Amino acid sequence: MLVDYDNYKDQDFTCKHCGWQGKGNKLGHGDFSELHFIGNLDCLKCFELVAFWQATLITPQNEAKENWKTKLV
């Protein structure tokens, strides 16, 4: 399951390996790829992979969109 790094902490998760249930802020941080900005979220109880997140990549196009949005507010 791919989740957004900016809001995964408030989401509910269930481990399909052991049945643990809880909020994303309770999950452990597993492996992380600096090249791809992807990180694993591991179960608090059995340490198996529950989900992974990918940070929003900043590109010149994304940065221009964000600057445009803030000017509207």
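Residues numbered from 1 in each chain as written. Predicted model: local features only at pLDDT ≥ 70, side-chain atom pairs only at ≥ 80, totals over all residues. Heavy atoms only, no water.

Observations regarding the nonpolar core
Grouped together as the largest cluster of nonpolar side chains are 11 residues: V3, Y8, F13, C15, W20, L27, L41, C43, V50, A51 and W53. By residue number, the principal contributor to this core is strand β6 (residues 49-54), which donates 3 residues. Residues within four places of L41 in sequence aside, it is in contact with V3, Y8, L27, G28, H29, E48, L49, V50, A51, F52 and W53. (Core = buried A, V, L, I, M, F, W, Y, C linked by side-chain atoms within 4.5 Å. Buried < 20%, exposed > 50% of the residue type's maximum accessible area, 1.4 Å probe, protein only. Helix = DSSP H or I, 4+ residues; strand = E, 2+ residues; numbered from the N terminus. Contact = heavy atoms within 4.5 Å.)

Describing the environment of F37
Mapped onto the fold, F37 is located in the loop between β4 (28-33) and β5 (38-42). For the pair F37 and T56, spaced 19 residues apart in the sequence, the C-alpha separation amounts to 8.4 Å.

Notes on the pairing of β6
Pairing of strand β1 (residues 2-4) with β6, which is carried by 3 bridges, proceeds in the parallel orientation. Bridge pairing in β6 links L2 to F52. Direction of pairing for β5 relative to β6: antiparallel, over a ladder of 5 bridges. Residue pairing in the sheet places I38 in a bridge with Q54 of β6. (Pairing = 2+ DSSP bridges.)

Describing the pattern of salt bridges
Here the structure, examined in full by the defined rule, presents 1 salt bridge. D12 is the salt-bridge partner of K23, the closest N and O atoms lying 2.9 Å from each other. Here K23 is found in strand β3 (residues 21-23), whereas its partner D12 is found in strand β2 (residues 12-14), with 11 residues between them in sequence. Note on D12: relative accessible area 60%, which makes it exposed. (Salt bridge = Lys/Arg side-chain N within 4 Å of Asp/Glu carboxyl O.)

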